[in-house]
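The chain contents come next:
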Amino acid sequence: MRSVDIDVGGTFTDLVLTFDEKRVIAKSPTTPYDLSVCFLNVLEDGADQLEMDVEQLLPQIEVVRYSTTVAMNRLIERRGPRLGLMTTEGHEDAILIGRGAQWCDGLRISERRNLAVQHKPTPLVSPELIAGIKERVDSNGRIMRALDEDDVRVKLRRLIDNGARAIAVSLLWSFANPAHEKRVREIIREEYKGYHVGYLPVVLSHEVVGKVGEYERTMTAILDAYLQRSIKLEMEATWDQLREKGYKGTFLLTHNTGGSAEMFKTTASRTYNGGPISGLMGSYHLGRALGYKNVIASDVGGTSFDVGMVVDAGVRSYEFRPVIDRWMVGITMLQTTTMGAGGGSIASINALLNRLEVGPRSAGAMPGPVCYDLGGVEPTVTDADVVLGYISPDNYFSGRMPLNAKKARAAIEEKIAQPLAISVDEAAAMIRNIVEENMASAIKREVHLRGYHPEDFAIFAFGGGGPTHVAGYRADVPVAVIFPQAPVFCALGSSVMDIMHVYEVSKRMVFMAPATEALSSDYAGFNEAVQGLMEQARIDIAAEGFALDSIIFQVELDMLYGGQVHVKRVSSPHVQVENAAQMQDIYDAFEAEFSAAFSPHVVNKPGGVYLDNIVLKATVPTEKMAMPEYPLQAPDASAARTGEREAYWPELRQRVMTTVYKFEAMQPGHRIEGPSLVEAEFTTLVVPPGQVFHIDSRGLGILEYTKGGAQA
């Protein structure tokens, strides 16, 4: 397949270009002022490697996949339009009151502990831009109060007069009967035509979240309306560039659900965590091909450190309370953890405690670390790596981005070493140790809180800084795997992701009767709900140009026991049900997954079982990456040796001349022991004393502890 996969990060934009039997990778600095610029820059780099120009390449490309953090960045910056909200009269304050945990949603644990300074987030919709309209639908979808259209027009004009430039509409129980929401949109279009200069984006809550949960559904609609325009402009600029240069295929965006869909079938909130999800899905697909059932996906970028987990060769761990920025939402999101730790994380002295802290503030792409020589003055993790001798100032970014080691050393000396009265080497090692301990803590927390043991996992280390720091943050995980494409792994992950749409609908149903434990016989009600979702999936996927017979449907159900609050999402063994035996199969699957997640001791069959929501996954499988095996050679890796340089090793408490190898020159079977350094095109692998690195039969780098080597 001929495909372009691009991941736009906070510091670098990554490319994996697959052209028949060739696969090339490239990186380019991200241009925050216009993401279409870095998109074209990295694409031109990839085309050059194929000895083509972009105009020659793009007409031959079948698909472009794109993962981005545009939504995340714009939300962090609060760069959105003044937003108006139309809701049911009497419920104007629902989003301002929020859920009980709204004050701490989206905060780090350390911030939650400091209760004295916590407060609810500033609303994205000002109170004067919230309008309650006269209407009411009950929980069964019956219209209890007809929509007052004159009231809608009056309230709409008031919102516009107050400055609203986008409208979210979230009416009570609209997912049960969307007639009123749809009519409100028609009225808005009658008042403010789509072809007028002052065009108003309108988002209906039942279309973005078709299930129960007023607060979550409303906040998802608000976030989509808030982010739509900025993302639309970013995507359209890139789309226009692709079309102008001859591309005629589809433009897919990565979703939080682990799939991808065409830009025109994607809402803004579903792209929020695209980059980390691409890395997680790449770990899932490639881990299965390699035989790894349990994988920790770890991505060290310039700004953040992202962690996700593959358990028992599956990635069905969803966020229990999905939060975007500071607001709980109602969309399905795969579970990942992000923290402010990366190559650009700033090191500083906490004057109050007189201690060194690293992150979460980041130097980003501009001005970047001090060693970039672009105006940065605060020392970062990358500066520490340069000072320690791990990163070569002359070979960074394939030699195209020379670094200023003197400035990095001076910054660490002035800002860190002198205030702490320690040497520059000790200060740089301390910076590195703190950021790696923070990363290791995030991994331990993620693994242990889900009830697993790190010893049962392998860790995939990727991102530009993953190979550089994995020896320090993998802690109790016995094996670290480094792919040749590690610096662009998220883009590689999107290249093996399936086309997938996720549809949800609330379906309240007594699945198992209390006391009698009799299973429901409402097969028609269940099947009707699933069929409705399937029809929508077929329409969307056909519009993207894929054959209907290529779609694979999978049903997941949100279920819980009576008298309990813990909902468990279970994979249904049947898409449609026709008899009691199939209903029993579904219950058995629920009990097994519920027991594994919570405990067999809290299974409560006498309390009955209730179905809350039905989730349909419509998947079009894509071609997966081949993982051929090669014959192993002798362990001697001297042929890949490129030289040596002085590096400081805290384990030895001194600088020593350290052998440097070239990753691309190492062959399957080659083996080296630390201390040593392995340089790749866009990253450097650090092998400290007590650890060993070798190339396995598939050409992947494997980092392990030596026999008798102490684990961190």
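We now turn to the structure provided with this report.

Reading guide: rules and limits
- Residues numbered from 1 in each chain as written.
- Predicted model: local features only at pLDDT ≥ 70, side-chain atom pairs only at ≥ 80, totals over all residues.
- Heavy atoms only, no water.
- Helix = DSSP H or I, 4+ residues; strand = E, 2+ residues; numbered from the N terminus.
- Salt bridge = Lys/Arg side-chain N within 4 Å of Asp/Glu carboxyl O.
- Buried < 20%, exposed > 50% of the residue type's maximum accessible area, 1.4 Å probe, protein only.
- Phe/Tyr/Trp six-rings, centres within 6.5 Å; stacked < 30°, edge-to-face > 60°.
- Lys NZ or Arg CZ within 6 Å of the ring centre and 35° of its normal.
- Contact = heavy atoms within 4.5 Å.
- Pairing = 2+ DSSP bridges.
- Axes fitted to C-alpha atoms, helices over the stretch in contact; angles between N-to-C directions.
- Disulfide = S-S within 2.5 Å.
- Polar contact = N/O pair within 3.5 Å; in protein donor to acceptor, adjacent residues only side chain to side chain.
- Parallel < 35°, antiparallel > 145°, perpendicular 65-115°, else oblique.
- Left-handed = near helix turned anticlockwise from the far one by under 90°.
- Nonpolar A, V, L, I, M, F, W, Y, C, P; charged D, E, K, R; others polar.
- Core = buried A, V, L, I, M, F, W, Y, C linked by side-chain atoms within 4.5 Å.

1. A word on unusual backbone geometry
Peptide bonds are mostly trans, and most non-glycine residues show a negative phi.
Next up, step 1: Omega for the bond connecting Gly 359 with Pro 360 falls within 30 degrees of zero, at 0 degrees, which places this linkage in the cis form.
Next up, step 2: Within the fold, Pro 360 resides in strand 19 (residues 355-362).
Next up, step 3: Between Gly 674 and Pro 675 the backbone carries a cis peptide bond, its omega angle lying at 5 degrees.
Next up, step 4: With respect to the helices and strands, the residue Pro 675 is situated in the loop between strand 28 (671-673) and strand 29 (676-679).
Next up, step 5: The residue Asp 20 is not glycine, and still its phi comes out positive at about 55 degrees.

2. Some details on the pattern of salt bridges
Next up, step 1: With the rule as written, the count across this model stands at 39 salt bridges.
Next up, step 2: Across the salt bridge formed by Asp 14 and Lys 27, the nearest N and O atoms sit 2.7 Å from each other. Of this pair, Asp 14 sits in strand 2 (residues 12-19) while Lys 27 sits in strand 3 (residues 22-29), and the two are 13 residues apart along the sequence. The pair formed by Asp 14 and Lys 27 is uniform in burial state, with each residue classed as buried.
Next up, step 3: For Asp 385, the salt bridge goes to Arg 432, with nearest N and O atoms at 2.8 Å. Pair noted here: Asp 385 is in helix 11 (residues 381-388) and Arg 432 is in helix 13 (residues 424-449), with a separation of 47 residues, a long-range link.
Next up, step 4: Accessibility expressed as a relative area gives 7% for Arg 432, which makes it buried.
Next up, step 5: Salt bridges linked by common partners bring Glu 149, Arg 153, Arg 157, Arg 183, Glu 186, Glu 190 and Glu 191 together as one network.

3. What to know about the packing of aromatic side chains
Next up, step 1: According to the stated counting rule, one finds 22 aromatic pairs in the structure shown.
Next up, step 2: Seen from their ring centres, Phe 594 and Phe 598 are 4.8 Å apart, and the 50 degrees between their planes marks the pair as tilted.
Next up, step 3: By relative accessible area, which is 1% here, Phe 594 ends up buried.
Next up, step 4: Residue class for Phe 598 comes out partly exposed when judged on its relative accessible area of 35%.
Next up, step 5: Put simply, the rings of Phe 39, Tyr 66, Trp 239, Phe 251 and Phe 264 touch in pairs and so form one group of aromatic residues.
Next up, step 6: Directly above the ring of Phe 19 sits Arg 2, whose terminal nitrogen or CZ lies 4.2 Å from the centroid.
Next up, step 7: Directly above the ring of Tyr 705 sits Arg 474, whose terminal nitrogen or CZ lies 3.9 Å from the centroid.

4. Quick notes on the side chain of Ser 205
Next up, step 1: Positionally, Ser 205 belongs in helix 8 (residues 205-208).
Next up, step 2: By relative accessible area, Ser 205 is classed as buried at 0%.
Next up, step 3: Aside from chain neighbours lying at most four places away, what touches Ser 205 is Val 169, Ser 170, Leu 171, Ser 174, Glu 181, Arg 217 and Ala 221.

5. Overview of the sheet that holds strand 21 (residues 479-482)
Within a beta sheet, neighbouring strands are joined by backbone hydrogen bonds and run either parallel or antiparallel to one another.
Next up, step 1: An order of 17-14-13-20-21-32-31-28 is seen for the eight strands of this open sheet, with the pairing classed as mixed. Two strands in the sheet have a free side with no partner beyond their single neighbour: strand 17 (336-339) and strand 28. Within the sheet, the average angular offset between the axes of one strand and its neighbour, ignoring direction, is 20 degrees.
Next up, step 2: Inspection of the sheet shows strand 28 paired to strand 31 (residues 691-695) by three bridges, in the antiparallel sense. Counted as the bridge partner of Arg 671 is His 694 from strand 31.
Next up, step 3: Across the face of the sheet, helix 13 comes into contact with strand 13 (295-300), strand 14 (305-310), strand 17 and strand 20 (458-462) while running at roughly 30 degrees to strand 14.

6. Description of the state of the cysteines
Next up, step 1: Applying the stated criterion across every chain yields a total of zero disulfides.
Next up, step 2: Looking at Cys 38, it has no disulfide partner, and the nearest cysteine sulfur is the one in Cys 490, 15 Å off.
Next up, step 3: Owing to a relative accessible area of 0%, Cys 38 belongs among the buried residues under this scheme.
Next up, step 4: A residue is classified by how much of its surface remains accessible, and Cys 490, at 5% relative accessible area, is buried.

7. What to know about the side chain of Ser 697
Next up, step 1: One can find Ser 697 in the loop between strand 31 and strand 32 (701-705).
Next up, step 2: Only 3.1 Å separates the side chain of Ser 697 from the side chain of Glu 629, close enough to count as a polar contact.

8. Re the pairing of strand 14
Next up, step 1: Judged by how many residues are buried, strand 14 sits mostly within the fold: six of six residues are covered.
Next up, step 2: Hairpin remark: strand 13 followed by strand 14, antiparallel, with four residues in the connecting loop.

9. Re the packing of helix 11 against helix 12 (residues 405-420)
Next up, step 1: At their nearest, the axes of helix 11 and helix 12 sit 9 Å apart, and the two run at 110 degrees to each other. On the basis of their axis angle, the class for helix 11 and helix 12 is roughly perpendicular. In this structure, helix 11 crosses over helix 12, and the sense of that crossing is left-handed. Here Asp 383, Ala 384, Val 386 and Val 387 of helix 11 come into contact with helix 12, specifically with Ala 405, Ala 408, Arg 409 and Ile 412.
Next up, step 2: Each residue belonging to the contact of helix 11 with helix 12 can be placed in one class, and the counts come to six nonpolar, no polar and two charged.

10. Some remarks on the nonpolar core
Next up, step 1: Counting residues in each nonpolar core, the largest one holds 112 residues, and the members touching the most others are Leu 43 and Met 86.
Next up, step 2: At 12 residues, the largest contribution of residues to this core is made by helix 9 (residues 214-244).
Next up, step 3: Val 358, Met 401, Phe 457 and Val 488 belong to the second largest nonpolar core, which has 102 residues in total.

11. Considerations on the packing of helix 1 (residues 35-49) against helix 9
Next up, step 1: Running from N to C, helix 1 and helix 9 cross one another at 35 degrees; their axes reach a closest spacing of 8 Å. For helix 1 against helix 9, the interelement crossing comes out right-handed. Between helix 1, through Leu 35, Ser 36, Phe 39, Leu 40 and Leu 43, and helix 9, the contact on the second element is made entirely by Glu 234, Ala 237, Thr 238, Gln 241 and Leu 242.
Next up, step 2: For the contact of helix 1 with helix 9, the class distribution of residues is six nonpolar, three polar and one charged.

12. Quick word on the sheet that holds strand 30 (residues 684-687)
Next up, step 1: As summarised here, the arrangement of the four strands in space is 26-27-29-30, forming an open sheet in which the pairing is mixed. Of all the strands in the sheet, just strand 26 (641-649) and strand 30 have a single pairing partner and so form its edges. The average angle at which neighbouring strand axes cross in this sheet is 25 degrees, direction not considered.
Next up, step 2: Judged from the four bridges that link them, strand 29 and strand 30 form a sheet pairing that is antiparallel. Looking across to strand 30, one finds that Glu 679 is bridged to Thr 684.

13. A look at the environment of Lys 507
Next up, step 1: Examined against the element boundaries, Lys 507 turns out to sit in strand 22 (residues 499-512).
Next up, step 2: By relative accessible area, which is 19% here, Lys 507 ends up buried.
Next up, step 3: As for Lys 507 and Val 212, which are separated by 295 residues in sequence, their C-alpha atoms are 9.1 Å apart.
Next up, step 4: Apart from residues no more than four positions distant in its own chain, Lys 507 is found in contact with Asp 522, Gly 525, Phe 526, Ala 529, Leu 611, Asp 612, Asn 613 and Ile 614.

14. Considerations on the environment of Tyr 705
Next up, step 1: Residue position: Tyr 705 is located in strand 32.
Next up, step 2: For Tyr 705, a relative accessible area of 14% puts it in the buried group.
Next up, step 3: As a C-alpha pair, Tyr 705 and Met 497 span 208 residues in sequence and 32 Å in three-dimensional space.
Next up, step 4: Polar side-chain contacts of Tyr 705 include one of 2.6 Å to the backbone oxygen of Ala 475.

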